[in-house]
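In case you want the letters, here they are:
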Amino acid sequence: MIKYIPFLFLLFLACGCSLKTPENQWQYKSTNAFNSYTKNFLSSKDLLAKNDLKRAIKHAKQSANLHQLAKIYLGACALNISVGTQDTCEKYTNIALLVENNALRSYYKLLTKHIKKQDIKYLNKNYRIFAHALINKDYAKAEKSIFHMQRNSSKILAMALLAKHVSYASLQEIINIASYQGQKKVVLFWLEESKKHVSNPNELNKINQKIKVLQ
Amino acid sequence: MHYKTMKRTVGLFVLTFFIIILGSLFFLLKEKGTFEKRYSYSFETDSAEYFQLGMPVKFSGFNIGLIDDIKLNDNGSVHVAFSVQKKYKKFLSEGSVLIIIKPLIGSPHIDLFTSVDTPLLKENASLTLISSDNINDIIMSLQPVVQKAKAILDNVHTITNYLASEDSELIQILQNMNTLSAKLAKNDSLLTSLTGSKKATKDIITSINETKHIMQNIKKITHDMSKITKALNKTIIQPSSATIKEINKIMKDIKKKLGSYDKDLLQLKEQITVGVAKSNQIIDKVDALMATESDAEIQLP
């Protein structure tokens, strides 16, 4: 068996060398860095997240195609909103004119709650029912639609956009989802929000203690 | 190879190896001066606070000896013995003094200052130790100065209070001046006959009186000032000047040390930045190895 190990090693090396790297490596690197940023940001690993975002932006700036960069700026803005941080997506708006993309524009409008009916078709399927309900101010429907969304990150963002109108049950549900995924920042934000729904001093004390422990 | 020959060869090799090791060790220790005769000297000090066994004795920045023993005498003083290597014995002559240097940053050490053209010191001779002030000593020495300055300020306060009080000379003089000028104003016939004008006479009288009293006041104030400055010179300016010189020396020392740390920190920062950039490159490469087609597009939340 031992004599086969060097052979296997050489084979593995040959396979590795034969793999062709894509020419748009900057895009792969930027996407990977942004995905890492998302994970670290939501988990409250701020130092790592900062570094990841820097890397994502740096790689995106390797190309004259600013679509990737605009997506990064919008993504970062969406994440901030997801955890209750005020963000006007200024960085995106600075380059928005250079990126003619309806999907991104509609997404930006959703984030800033300026979405209109004609923009809905450009949105990701995840958000269409939610956006429609939001325009019609049918908050109960919007809330219901959140839990039909496939991606958890979309659920968290939609919940944050609907923050003032969500029920305590939905709020608990989102805390459970974020807790399961270890998204500390989201958990802390929704624990703070849940205080507004609680009047019982014991319950309030419990929430405060939970926040204290997590911080 | 025959077994016996092999055994001898291995034995010879091991023996040679040990001889070389021991030889190197001996050479190293010899070069370090371990086998050289050392000459002992001593000095007395009030406190052993800054001394410790093995503390270096320096001459012109070189370590020439070290403290071997510290003992507390019956009279409360401290006896410190140190030794120097044979080759450095020549620097210890009669009249040589030791100064304990206590820098703000770094460990304290003893500096030897020797006098030229004086006979060499005999072994076990005692030297004089001078203590240089550190920042704590300076603060301690400043305390009486501050107290004296406070006393002087109190005196100045008393003087000004006295001058301003109702029964002070200054106030009395001013009152007298007032009375005199009033009298002159009423009886100005003498000067009026000289000046030919009542107004001019009045002005002259006022001016003369004012000048006289101003001169008296100035004399008094100058006298007081002279007293104060004399006291200031003795109690504040001279000690403060010495203290400032000491502080200046310490600050230079700190600046020198911080300067070198600053350079080191900049280098360290640069190295860390390069390290981070390199680790980022590695992360990118690892990510690229795992990348699939779907990883080219960012999925917005």
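Here's a quick rundown of the structure. (Residues numbered from 1 in each chain as written. Chains lettered and ligands numbered in written order. Predicted model: local features only at pLDDT ≥ 70, side-chain atom pairs only at ≥ 80, totals over all residues. Heavy atoms only, no water.)

**Structural notes on the overall build of chain B**
- Each helix and strand counted, chain B has 5 helices and 7 strands in total.
- Counted from the first residue to the last, chain B has its helices and strands arranged as α-β-β-β-β-β-β-β-α-α-α-α.
- Across the 301 residues that make up chain B, the buried fraction comes to 23%.
- Counted over contacts in chain B with a minimum sequence separation of 6, partners at least 24 positions apart contribute 62%.
- With an accessible surface of roughly 21800 Å², chain B has 63% of that area assigned to carbon and sulfur atoms. (Helix = DSSP H or I, 4+ residues; strand = E, 2+ residues; numbered from the N terminus. Buried < 20%, exposed > 50% of the residue type's maximum accessible area, 1.4 Å probe, protein only. Contact = heavy atoms within 4.5 Å. Areas by Shrake-Rupley, 256 points an atom, 1.4 Å probe, with all protein chains shown as cover.)

**What to know about the overall build of chain A**
- Counting its secondary structure elements, chain A contains 12 helices and 0 strands.
- Ordered by position from the N terminus, the helices and strands of chain A form the series α-α-α-α-α-α-α-α-α-α-α-α.
- Going through the 215 residues of chain A one by one, you find that 45% of them count as buried.
- In chain A, once contacts between residues fewer than 6 apart in sequence are set aside, the share between residues at least 24 apart is 47%.
- Counting only carbon and sulfur atoms, one obtains 56% of the accessible surface of chain A, whose full area is about 12800 Å².

**Regarding the packing of aromatic side chains**
All names here are of chain B.
- In total, this model carries 12 aromatic pairs over all chains according to the counting rule given.
- Pairing Phe17 with Phe18 gives two aromatic rings, centres 5.8 Å apart and planes at 75 degrees, and the pair type is edge-to-face.
- Where Tyr88 meets Phe91, the ring centres are 6.3 Å apart and the plane angle is 25 degrees; that geometry is what we call stacked.
- Three or more aromatic residues joined by ring pairs form one cluster here, namely Tyr41, Phe43, Phe51 and Phe82. (Phe/Tyr/Trp six-rings, centres within 6.5 Å; stacked < 30°, edge-to-face > 60°.)

**As for helix H2 (residues 25-42) of chain A**
Residues and elements named next belong to chain A.
- Taking 1.5 Å of rise per residue, the 18 residues of H2 would be expected to cover 26 Å, and the 26 Å separating its terminal C-alpha atoms lies within 8% of that figure.
- Across the 18 residues of H2, 13 count as buried, placing the element largely inside the fold.
- Taken from the residues just after H2, Ser44 is the one with a positive phi, measuring 70 degrees. (Expected span 1.5 Å × (residues − 1).)

**Looking at the packing of H2(A) against helix H4 (residues 67-82) of chain A**
Residue and element names in this part refer to chain A.
- At a closest axis distance of 11 Å, the pairing of H2 and H4 adopts a crossing angle of 5 degrees. Considering the angle they form, H2 stands roughly parallel to H4. Touching Trp26, Gln27, Ser30, Thr31, Phe34, Tyr37, Thr38, Phe41 and Leu42 of H2 are Gln68, Ile72, Gly75, Ala76, Leu79 and Asn80, all from H4.
- Here the contact of H2 with H4 is built from residues that sort into 8 nonpolar, 7 polar and no charged. (Axes fitted to C-alpha atoms, helices over the stretch in contact; angles between N-to-C directions. Parallel < 35°, antiparallel > 145°, perpendicular 65-115°, else oblique. Nonpolar A, V, L, I, M, F, W, Y, C, P; charged D, E, K, R; others polar.)

**Here we look at the pattern of salt bridges**
Residue and element names in this part refer to chain A.
- Enumeration according to the criterion identifies 9 salt bridges over all chains in this entry.
- Of the charged contacts in the structure, one is a salt bridge between Asp46 and Lys185, with a shortest N-O distance of 2.7 Å. Here Asp46, found in helix H3 (residues 46-60), pairs with Lys185, found in helix H11 (residues 184-194); they are 139 residues apart in sequence, far enough to count as distant.
- Among the salt bridges present, the one from Glu192 reaches Lys195, with a minimum N-O distance of 3.3 Å.
- Residue class for Glu192 comes out partly exposed when judged on its relative accessible area of 36%. (Salt bridge = Lys/Arg side-chain N within 4 Å of Asp/Glu carboxyl O.)

**Notes on the interface of chain A and chain B**
- Tallying the contact residues gives 24 residues for chain A and 16 residues for chain B.
- Both sides of the chain A and chain B interface together cover about 1800 Å² of buried area, and 54% of this is carbon and sulfur.
- Three residues, Tyr28(A), Arg55(A) and Lys71(A), lead the burial of chain A against chain B; their summed loss comes to 31% of the area buried on that side.
- Between the two partners, chain A and chain B, sit 1 salt bridge.
- Glu297(B) serves as the salt-bridge partner of Lys71(A), at 3.0 Å between the closest nitrogen and oxygen.
- Where chain A touches chain B, the interface holds 5 residue pairs in polar contact (both at pLDDT 80 or more).
- Only H2, H3, H4, helix H6 (102-111) and helix H9 (152-161) of chain A provide two or more residues apiece to the side of chain A that touches chain B. (Buried area = accessible area lost by both parts, 1.4 Å probe. Polar contact = N/O pair within 3.5 Å; in protein donor to acceptor, adjacent residues only side chain to side chain.)

**Observations concerning the nonpolar core**
- With 66 residues, the main nonpolar core has Leu110(A), Leu111(A), Phe130(A) and Trp190(A) as its most contacted residues.
- Counting residues per element, this core draws most heavily on H4(A), which supplies 10 residues.
- Not counting the four nearest positions on each side in its chain, Leu111(A) is found in contact with Leu74(A), Cys77(A), Ala78(A), Ile81(A), Cys89(A), Leu157(A) and Leu161(A).
- Val57(B), Val80(B), Leu112(B) and Leu129(B) belong to the second-largest nonpolar core, a separate cluster that totals 23 residues. (Core = buried A, V, L, I, M, F, W, Y, C linked by side-chain atoms within 4.5 Å.)

**A look at the packing of H3(A) against H4(A)**
Residue and element names in this part refer to chain A.
- One way to put it is that H3 packs onto H4 with a least axis distance of 8 Å and a crossing angle of 160 degrees. With respect to each other, H3 and H4 are oriented roughly antiparallel. The two elements H3 and H4 cross, and the hand of that crossing is left-handed. Contacts from Leu53, Ala56, Ile57 and Ala60 of H3 reach H4 at Gln68, Leu69, Ile72, Tyr73 and Ala76.
- Residues belonging to the contact of H3 with H4 are distributed by class as follows: 8 nonpolar, 1 polar and no charged. (Left-handed = near helix turned anticlockwise from the far one by under 90°.)

**As for the side chain of Ser43(A)**
All names here are of chain A.
- With respect to the element layout, Ser43 can be found in the loop between H2 and H3.
- Within the local environment of Ser43, its side chain forms a polar contact with the backbone oxygen of Lys39, the two atoms lying 2.6 Å apart.
- The contact partners of Ser43, leaving out residues within four places of it in the chain, are Gly182, Gln183 and Lys184.

**Focus on the state of the cysteines**
Residues and elements named next belong to chain A.
- Enumeration over the complete set of coordinates arrives at 1 disulfide over all chains.
- The partner cysteine of Cys77 in its disulfide is Cys89, sulfur to sulfur 1.9 Å. Its S-S torsion of approximately -65 degrees makes the covalent link between Cys77 and Cys89 left-handed. Of the two residues, Cys77 sits in helix H4 while Cys89 sits in the loop between H4 and helix H5 (90-95), which places them 12 residues apart along the sequence. Just as Cys77 is buried, Cys89 falls in that class too. (Disulfide = S-S within 2.5 Å.)

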